[in-house]
Amino acid sequence: MKKTLLGVSLLSTAVLAACGSDSESGGGSGEETQTLTVGATSVPHAEILEFAEDQLAEENVELEIETFNDYIVPNEALASEEIDANYFQHIPYLEDQMEENDNFNFVNMGGIHIEPIGVYSQEYDSLDALPDGAEIIMSNSVADHGRILQMLEQEDVLTLEEGVGVEATVDDIAENPKNLQFQADIDAATLPQVYNNGEGDAVFINSNYAIDADLNPQEDAIALESPEDNPYVNVIAAREEDEDNETIQTLVDVLQSDETQEFIEEEYDGAVIPAEQE
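Criteria and cut-off values
- Residues numbered from 1 in each chain as written.
- Predicted model: local features only at pLDDT ≥ 70, side-chain atom pairs only at ≥ 80, totals over all residues.
- Heavy atoms only, no water.
- Helix = DSSP H or I, 4+ residues; strand = E, 2+ residues; numbered from the N terminus.
- Areas by Shrake-Rupley, 256 points an atom, 1.4 Å probe, with all protein chains shown as cover.
- Buried < 20%, exposed > 50% of the residue type's maximum accessible area, 1.4 Å probe, protein only.
- Pairing = 2+ DSSP bridges.
- Right-handed = clockwise from strand over helix to strand, strands pointing away.
- Expected span 1.5 Å × (residues − 1).
- Contact = heavy atoms within 4.5 Å.
- Axes fitted to C-alpha atoms, helices over the stretch in contact; angles between N-to-C directions.
- Parallel < 35°, antiparallel > 145°, perpendicular 65-115°, else oblique.
- Nonpolar A, V, L, I, M, F, W, Y, C, P; charged D, E, K, R; others polar.
- Salt bridge = Lys/Arg side-chain N within 4 Å of Asp/Glu carboxyl O.

Considering the overall build of the chain
Scanning the chain from terminus to terminus reveals nine helices and 14 strands. Carbon and sulfur atoms make up 38% of the accessible area of the chain, which amounts to about 13200 Å² in all.

With respect to the pairing of strand β2 (residues 31–41)
With respect to burial, β2 is a largely interior element, nine of its eleven residues being buried. With eight bridges connecting them, β2 and strand β3 (residues 61–68) associate as parallel partners. Bridged to glutamine 34 within β3 is valine 61. Between β2 and its parallel partner β3, the chain crosses via helix α1 (residues 42–58), and the hand of that crossover is right-handed. Bridge count for β2 against strand β4 (residues 85–90) is three bridges, and the pairing is parallel. Bridging across to β4, glycine 39 finds its partner in asparagine 86.

Remarks on helix α4 (residues 142–154)
Over its 13 residues, α4 extends 19 Å from the first C-alpha to the last, a length consistent with the 18 Å expected when each residue adds 1.5 Å. Taken as a whole, α4 has its buried residues at Ala143, Asp144, His145, Gly146, Arg147, Ile148, Leu149, Met151 and Leu152. Just downstream of α4 lies aspartate 156, where phi reads positive at about 60 degrees.

With respect to the sheet that holds strand β12 (residues 223–224)
Strand-to-strand pairing in sheets goes through backbone hydrogen bonds, with the strands running parallel or antiparallel. Read across the open sheet, the five strands follow the order β10-β7-β11-β6-β12; overall the sheet is mixed. Each of the sheet's edge strands pairs with one partner strand only, and the pair in question is β10 (181–186) and β12. By the bridge criterion, four bridges tie strand β7 (residues 135–139) to β10 in an arrangement that is parallel. Bridge pairing in β10 links glutamate 135 to glutamine 181. Where α4 meets the sheet, its contacts fall on β6 (118–120), β7, β10, β11 (202–205) and β12, and the angle it forms with β7 comes to roughly 140 degrees.

Quick look at the packing of α1 against helix α8 (residues 246–255)
Running from N to C, α1 and α8 cross one another at 110 degrees; their axes reach a closest spacing of 10 Å. Classified by the angle between their axes, α1 and α8 sit roughly perpendicular to one another. Residue-level inspection shows Ile48, Leu49, Ala52, Gln55 and Leu56 of α1 in contact with α8, the latter providing Thr250, Leu251, Val254 and Leu255. Classifying every residue of the contact of α1 with α8 gives seven nonpolar, two polar and no charged.

Re the pattern of salt bridges
Scanning all chains against the criterion turns up four salt bridges. The residue aspartate 144 makes a salt bridge to arginine 147 at a minimum N-O spacing of 3.4 Å. Here aspartate 144 pairs with arginine 147, and both are found in helix α4, just three residues apart, close to one helical turn. Residue arginine 147 is classed as buried on the basis of its relative accessible area of 3%. Across the pair aspartate 242 and arginine 239 runs a salt bridge, and its minimum N-O distance is 3.6 Å. On the basis of relative accessible area, aspartate 242 is assigned to the buried category, the value being 13%.

So this is what it looks like as structure tokens:
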């Protein structure tokens, strides 16, 4: 069920404020403190933002974190100016959402991390072990379908039509020797429950939802997406008019800092990986 925009915050009780509109004197520095409201899914995004709060305070930025449990509402909240930025989506999903929604006029402010998607199974310990006609369950997020199919191709489970890349769909499967059957109508947040219920033969789960459900992608997944040359970098997104907003850029700088990137490496042990910075 889609959550309403009001009352979704678990981490902040302050009234939402437009970026920079709520300010106070900053800690004796003579500079004003800028309030920045960022929407995020709880794990790992909100946790990473929480870690960055002290660094941001040193830069006279007061961070308010609004948590969401799906992939739809954070962009709606950003478009309606209820939040200043969001942090939950990878680049292909962001681009796909902007193509589908005329009012989503967003910009990618900077990449922070990658969450390798994993395959989980109650019955089988490898993709090779999947039987003929195995049911593969993945989310209804079309932007993830190409990523999943490319992973299956890299694991020599199937072959895609040449050149389809991240835009691949099940219709682009050229060879399917295991006759895999795909179910792709499940909300991403419910995939861990689907796995726990023993549904399907294999379930593809985004690492953020896997971690939130106490799954360890490194130990529990029967296959894990490679982070090398991975286009699915999770980013800070903002409205187009805020592309040059210094407060949001400060947030990106802090999240890309060595201190925050080291936290990501140590906290998530390979389940979440810092994005390479150019």
